[in-house]
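Chain residues, written in single-letter form:
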Amino acid sequence: MIEAQCLTKRFDSIKAVDNINAVIKEGEVFGLVGTNGAGKSTFLRMVAGVLRPDEGTIKVDGYPAYENMDAKKLLFYISDDSYFFSNSTPGDLKNYYKVIYTGFDEQRFEELMKKFGLDSRRKINTFSKGMKKQLTVLLGICANTKYLLCDETFDGLDPVMRQAVKSLFAKEIAERGLTPVIASHNLRELEDICDHVGLLHRGGILLSKDLFDMKLSIHKIQCVFKEEVELKELFGDTDILKTERRGSLYTITARGSREEIIAKIEKHNPVFSEVLPLSLEEIFISETEVAGYDIKKLIF
Ligand SMILES: Nc1ncnc2c1ncn2[C@@H]1O[C@H](COP(=O)(O)OP(=O)(O)OP(=O)(O)O)[C@@H](O)[C@H]1O
C-alpha cells in the first residue's frame, strides 16, 4: 500500500502538493488525473523517493519513500522526461537495472524488445520519443517491482503501442498483482484500465474514488417539463454541479444515485427524461469547474 498523509511540497512560494491524504491499495490500477500544474508529477516524484516532502509523510508498504532503498526496490518510476546516460544502449540500461532490481527478468526483456521491434544495441539517443517511452515501459515491466509509477507514459505512444502496453499491463496485473499508478491527461485511456481515480487540482485532491462508484454517484439528466419548474425546489438537497437550459430542455449534472434523481424528476411529471452515462472526462470537467477551473473562462 502507498499511503500519503498530510503530504505537502513547496517550490518557493508555489504549493505544488498541498496537504494530500491518499491511499493506493495493492492490486488496483490507480489513475492520477488533474489540471496542468496540479501536482501530479510532484506527487509521483515524492512516491518514487526523488523529492523530499516538506510536510507530512509518504510511505510505500510502510517504508518512508525518500531516498530509502527498502521503498525504492518496491517500485519503478517512469518519469515524463526520462534521463538516459549519454551514448547508452538498451542493453546497458538492462545491465544497470538488473543490479538495482534483483528480480529483473533479463530474458523477458530481450523477448519484449524483439516483439516491440527495438534494437538492444542501438544508441538510445537515436531513438524517437515514442521508442524511448516504449523502452522505459519494458524496463519497468521487466524490473518486476510491485508498483509501477507512470508519468504520462501512454501519452507519447501511438494507438497500436498504447494497446500493446495496456495488454502488457493487464497481463502483469492478472499474473503477479502489479499495482500501476498512472498519471495521464488521456482520460479515455484511463477509463479503460483504472479501478480507482484520484483527481488533483491546485495541489489538493478534489476526489479519490473507485471509478465504478464515481460513475454511480454522479449523473447527467436531460428532461423537459410541461410547466416551468424551479430546479432548486425540484432537487432539494441534491448537489447540482451544472445546469444548462435550451428552450424547454434542461441538462443537469448532479451528485446522487440514479434512482434518487429519477424519483425527484418523476414527481414533477416530465414530458421527457433520460439519465445519460457520464464519461470520466465529463466528471473531470464538472468537478474542476465546481473548484473554479471553468473552461468558459479559458475560451476567448
Ligand atoms: N522543480 C520545480 N521548481 C519550481 N516549481 C516547480 C518544480 N516542479 C514543479 N513545480 C511547480 O509545481 C506545480 C506542480 O507541478 P507538477 O509538474 O507536479 O504538475 P502536473 O500536475 O504534473 O502538471 P502537468 O499536467 O502540466 O504536467 C507547478 O506549479 C509547477 O510550476
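On a predicted model such as this, the values are computed, not experimentally measured, just so you know.

What counts as what
Residues numbered from 1 in each chain as written. Predicted model: local features only at pLDDT ≥ 70, side-chain atom pairs only at ≥ 80, totals over all residues. Domains from an automatic or database assignment. Contact = placed C-beta atoms within 7 Å. Helix = DSSP H or I, 4+ residues; strand = E, 2+ residues; numbered from the N terminus. Nonpolar A, V, L, I, M, F, W, Y, C, P; charged D, E, K, R; others polar. Pairing = 2+ DSSP bridges. Near = placed C-beta within 6 Å. Buried ≥ 20, exposed ≤ 12 C-beta atoms within 10 Å, placed from the backbone. UniProt positions renumbered as here; feature names shortened; annotations may be inferred. Expected span 1.5 Å × (residues − 1).

Brief notes about the domain arrangement of the protein
Part 1 of the argument: Segmentation of the protein into domains returns domain 1 (2–213) and domain 2 (217–298).
Part 2 of the argument: Relative placement of domain 1 and domain 2: their C-alpha centres are 36 Å apart.
Part 3 of the argument: Each side of the interface is counted separately: domain 1 has twelve residues, and domain 2 has nine residues.
Part 4 of the argument: Of all elements in the fold, only α7 (187–193), β9 (196–201) and β10 (204–210) reach the threshold of two or more residues within the side of domain 1 that touches domain 2.
Part 5 of the argument: Among the elements that line the side of domain 1 that touches domain 2, the one with the most residues is α7, at four residues.
Part 6 of the argument: Its residues placed into classes, the side of domain 1 that touches domain 2 shows seven nonpolar, two polar and three charged.

Concerning the sheet that holds strand β1 (residues 2–11)
Part 1 of the argument: Within the open sheet, the four strands sit side by side as β2-β1-β4-β5. Their pairing is antiparallel. Either end of the sheet is taken by a strand with one partner, and the two such strands are β2 (14–24) and β5 (63–64).
Part 2 of the argument: As paired strands, β1 and β2 are joined by seven bridges and run antiparallel to one another. The residue bridging Ile 2 from the neighbouring strand is Ile 24, located in β2.

Focus on the site of the ligand
Part 1 of the argument: Residues in close proximity to the ligand include Phe 11, Ile 14, Ala 16, Gly 34, Asn 36, Gly 37, Ala 38, Gly 39, Lys 40, Ser 41 and Thr 42, which together make up its full environment.
Part 2 of the argument: Sorting the residues of the shell around the ligand by element identifies β2 and α1 (40–47) as the ones contributing at least two each.
Part 3 of the argument: The greatest single-element share of the shell around the ligand, amounting to three residues, is contributed by α1.
Part 4 of the argument: A breakdown of the residues in the shell around the ligand according to their chemical character gives four nonpolar, six polar and one charged.

Considering unusual backbone geometry
Part 1 of the argument: Unlike most non-glycine residues, Asn 87 shows phi in positive territory, near 65°.
Part 2 of the argument: Among the structural elements, Asn 87 can be located in the loop between β6 (75–78) and α3 (90–100).
Part 3 of the argument: For Asn 87, a count of 9 C-beta atoms within 10 Å puts it in the exposed group.
Part 4 of the argument: Positioned with a positive phi, Glu 152 is a non-glycine residue whose angle comes to about 55°.
Part 5 of the argument: When you line up the elements, Glu 152 lands in the loop between β7 (147–151) and α6 (159–176).

Focus on the UniProt feature "domain: ABC transporter" (unreviewed entry) in the protein
Part 1 of the argument: The UniProt record annotates "domain: ABC transporter" (unreviewed entry) at residues 2–227.
Part 2 of the argument: Span residues 2–227 is 35% helix and 31% strand, its end C-alpha atoms 53 Å apart.

Here's the deal with α6
Part 1 of the argument: Between its first and last C-alpha, α6 extends 26 Å over 18 residues, near the 26 Å set by a 1.5 Å rise per residue.
Part 2 of the argument: Directly after α6, the chain includes Gly 177, whose backbone phi takes a positive value near 65°.

Things to note about the pairing of strand β12 (residues 240–246)
Part 1 of the argument: Note that β12 and strand β13 (residues 249–255) share six bridges and pair antiparallel. Note on β13: the bridge partner recorded for Arg 245 is Tyr 250.
Part 2 of the argument: Turn length for the β12-β13 hairpin, with the two strands adjacent in sequence and antiparallel, is two residues, and the turn residue Gly 247 shows positive phi of about 60°.

Re the environment of Val 47
Part 1 of the argument: Here Val 47 shows up in helix α1.
Part 2 of the argument: Considering only alpha carbons, one finds Val 47 and Ile 124, 77 residues apart in sequence, at a separation of 27 Å.
Part 3 of the argument: Other than its neighbours up to four places away in sequence, Val 47 contacts Ile 2, Ile 58, Val 60, Ala 65 and Leu 149.

What about the pairing of strand β14 (residues 270–276)?
Part 1 of the argument: In terms of burial, β14 is a largely surface element, zero of the seven residues being buried.
Part 2 of the argument: Where strand β11 (residues 218–225) lies against β14, six bridges are found, and the strand directions are antiparallel. What sits directly across from Cys 223, in β14, is Ser 273.

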